[in-house]
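# Structural overview
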Amino acid sequence: KGVRISALPQMVNEVSGLLDIMEEVMDIQRARRLEKLKPPSWWRQHWFLTAVGAPSIGYIFYTLAVTGDGMVLLKYMMKKILDFVQEHVVRPCFAMYQELSKGTEYISDRAARDTAVDTLKKMIRSWLDETYPDMPDSEKTKLSDAMDISLIEATKEKNMKTIYELNSVIRMSFIEAQFIKKEMMNALVALDEMQASTNFNMNLAAITPVLLLVWAVKRVSSFIVYTTFKWGKSKEETYASFLQILTEIERLLIMRNTAENCVLDSDDLGMLMLHLHELRTILWYERRRFSLNILRSVTEDLAELSGERGAVSVQQQLLIVERMSRTYRFLRMAASRE
């Protein structure tokens, strides 16, 4: 009653200093306790893999190094890998780049094909002018433009019965040879167009084995990491763990929802905080499994569930859990798998 404080700022500074010292001491004690509760290292937990795998791998490497087979095997494997990459990655990708940037490259000579067609038309028209001078010009033009050699074939068959028409037979044979050349050039152009139309798809098909191999290696490596070495959890396991803890929270709230606007007592509230800590731990260590929007929304829901955004009743907490189960797709996916 008669105490007077003459230096209030000095007392505030002393109290603040004491609080800071207490926080430092608590941090030291917390670190010391966590160090005792820290699980053993991975090597100690999987000592059997180290005891069996290290000598076996060492013996294999020693044998390969002494006999010289290791270098031969390494060179052979590198050659096969380089050939595979060259055949299924480098060449198809370069071919697709060339096709997209420079357009389709044709192998056949289209100008030579056009020249062969024009020459054949001229040869047929010249032969018609000399052999059938009385034929109308329109009919001659029609036969020459259509490159129709049926009349030439019939005349050749007729003239081959006598030796006196040998020069005419030779001339008609040259026309037939020119017709065959024209047909071959047309076939080459058709093949070229067909190859150009399917070239991009063939290059994509060549890359497909590489994509399948990469996918298979990723799946196998993920399986080894998640099952054998226990380094982290898969996406499905992470979602299932989150759903299981959320189910425990819902079970706790349902059991304590005995009256309207009731709240959890200290023991149940402590259990709820432990469950929320487990959920936040999953969000922190497995945050790469969630998008930024989901992380932000789930963190806000957990803060509301713990009462950090204001006092909440058990009924309100049940509504928050129900909203989380209804809103987030990864929880529905985990529930559908169970």
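Residues numbered from 1 in each chain as written. Predicted model: local features only at pLDDT ≥ 70, side-chain atom pairs only at ≥ 80, totals over all residues. Heavy atoms only, no water.

On to the overall build of the protein. Summing up its helical and strand segments, the protein has 13 helices and zero strands in all. Listing the helices and strands of the protein from first to last along the sequence gives α-α-α-α-α-α-α-α-α-α-α-α-α. Taking 338 residues into account, the globule formula puts the C-alpha radius of gyration at 20 Å, and the protein, at 43 Å, lies well above it. With respect to the three principal axes, the spread of C-alpha positions in the protein is 150 × 70 × 50 Å. Looking at the protein as a whole, 24% of its 338 residues qualify as buried. Excluding contacts between residues fewer than 6 apart, the proportion of contacts in the protein whose partners are at least 24 apart in sequence is 67%. Summing over all exposed atoms, the protein offers an accessible surface of approximately 24,800 Å²; the carbon and sulfur share of this is 62%. Placing the 44 positive and 44 negative side-chain charges of the protein at their respective mean positions leaves the two points 6 Å apart. (Helix = DSSP H or I, 4+ residues; strand = E, 2+ residues; numbered from the N terminus. Rg over C-alpha atoms; globule rule 2.2 N^0.38 Å. Buried < 20%, exposed > 50% of the residue type's maximum accessible area, 1.4 Å probe, protein only. Contact = heavy atoms within 4.5 Å. Areas by Shrake-Rupley, 256 points an atom, 1.4 Å probe, with all protein chains shown as cover. Lys, Arg positive; Asp, Glu negative; His and termini not counted. Charge placed at Lys NZ, Arg CZ, Asp CG, Glu CD.)

By size, the foremost hydrophobic cluster in this structure holds 29 residues, and its most contacted members are Phe242 and Met324. Where this core is concerned, the elements lending two or more residues are helix H9 (235-256), helix H10 (266-285), helix H11 (292-306), helix H12 (314-327) and helix H13 (329-337). The element contributing the most residues to this core is H9, with eight residues. (Core = buried A, V, L, I, M, F, W, Y, C linked by side-chain atoms within 4.5 Å.)

Right, let's get into helix H7 (residues 150-159). Of the residues making up H7, those classed as buried are Ile152, Thr155, Lys156 and Asn159. Viewed along the axis of H7, the buried residues span an arc of 100°, placing them on a single side of the element. In H7, the exposed residues that point more than 90 degrees away from the buried face are Glu157 and Lys158. (Arc of directions from axis to C-beta.)

Together, Lys218, Arg219, Lys235 and Arg337 make up a positively charged patch on the protein surface. The class of Arg337 is partly exposed, set by a relative accessible area of 48%. (Patch = residues over 30% accessible without salt bridge, like charges linked within 9 Å, V, L, I, M, F, W, Y side chains within 5 Å. Salt bridge = Lys/Arg side-chain N within 4 Å of Asp/Glu carboxyl O.)

Moving on to the environment of Arg309. Tracing the backbone shows Arg309 in the loop between H11 and H12. Arg309 sits in the exposed class, given a relative accessible area of 52%. Look past the residues within four positions of Arg309 in its chain and what remains in contact with it is Glu300, Ala303 and Glu304. Side chain to side chain, Arg309 and Glu300 meet in a polar contact 3.0 Å long. (Polar contact = N/O pair within 3.5 Å; in protein donor to acceptor, adjacent residues only side chain to side chain.)

A few words now on the packing of H11 against H12. Between H11 and H12, whose axes approach to 9 Å, the crossing angle comes to 165°. Comparing their axes, H12 and H11 come out roughly antiparallel. Note that H11 runs across H12; the crossing there is left-handed. Here H11 contributes Val298, Asp301, Leu302, Glu304 and Leu305 to the contact with H12, which in turn contributes Gln317, Ile320, Val321, Arg323 and Met324. (Axes fitted to C-alpha atoms, helices over the stretch in contact; angles between N-to-C directions. Parallel < 35°, antiparallel > 145°, perpendicular 65-115°, else oblique. Left-handed = near helix turned anticlockwise from the far one by under 90°.)

Picture a little ball the size of a water molecule; that probe, rolled over the atoms, points out where space is still empty. Approximately 220 Å³ is the volume attributed to the second largest pocket. Every residue lining the second largest pocket is listed: Ala95, Gln98, Glu99, Gly103, Thr104, Glu105, Ile107, Asp192, Gln195, Ala196 and Asn199. Only helix H4 (69-102) and helix H8 (166-228) provide two or more residues apiece to the lining of the second largest pocket. With four residues, the single largest contributor to the lining of the second largest pocket is H8. (1 Å grid on protein atoms, 1.4 Å probe; cavity = no way out; pocket = protein on both sides within 12 Å on 5 of 7 lines; lining within 4 Å. Points joined across faces, edges and corners; volume = space filled by probe spheres on them.)

Moving on, we come to the side chain of Asn203. If you trace the backbone, Asn203 turns up in helix H8. The class of Asn203 is buried, set by a relative accessible area of 11%.

A few words now on H4. Helix length check: H4 (34 residues) gives 47 Å between terminal C-alpha atoms against 50 Å at 1.5 Å per residue, within 8%. Largest kink in H4: about 40°, centred on Gln86. Of the positions making up H4, those classed as buried are His88, Pro92, Met96, Gln98 and Glu99. Downstream of H4 by a residue or two, Gly103 has a phi angle that is positive, lying close to 90°. (Expected span 1.5 Å × (residues − 1). Bend = angle between axes of the 7 residues up to and from the residue.)

What follows is about the packing of aromatic side chains. Applying the stated criterion across every chain, the model contains seven aromatic pairs. Centroid distance Tyr239 to Phe290: 5.6 Å. Interplanar angle 50°. Geometry classified as tilted. Taken together, the residues span a long stretch of sequence, with Tyr239 in helix H9 and Phe290 in the loop between H10 and H11 at a distance of 51 residues. Judged by its relative accessible area of 7%, Tyr239 is buried. The exposure class of Phe290 is buried, given its relative accessible area of 7%. Consider the rings of Phe242 and Phe330, whose centres lie 5.5 Å apart with planes at 75°: the pair is edge-to-face. Taken together, the positions of Phe242 in helix H9 and Phe330 in helix H13 put the pair 88 residues apart, joining distant regions of the chain. Residue Phe330 is classed as buried on the basis of its relative accessible area, which comes to 4%. Over the aromatic face of Trp284 sits the side chain of Arg287, whose NZ or CZ is 4.2 Å from the ring centroid. (Phe/Tyr/Trp six-rings, centres within 6.5 Å; stacked < 30°, edge-to-face > 60°. Lys NZ or Arg CZ within 6 Å of the ring centre and 35° of its normal.)

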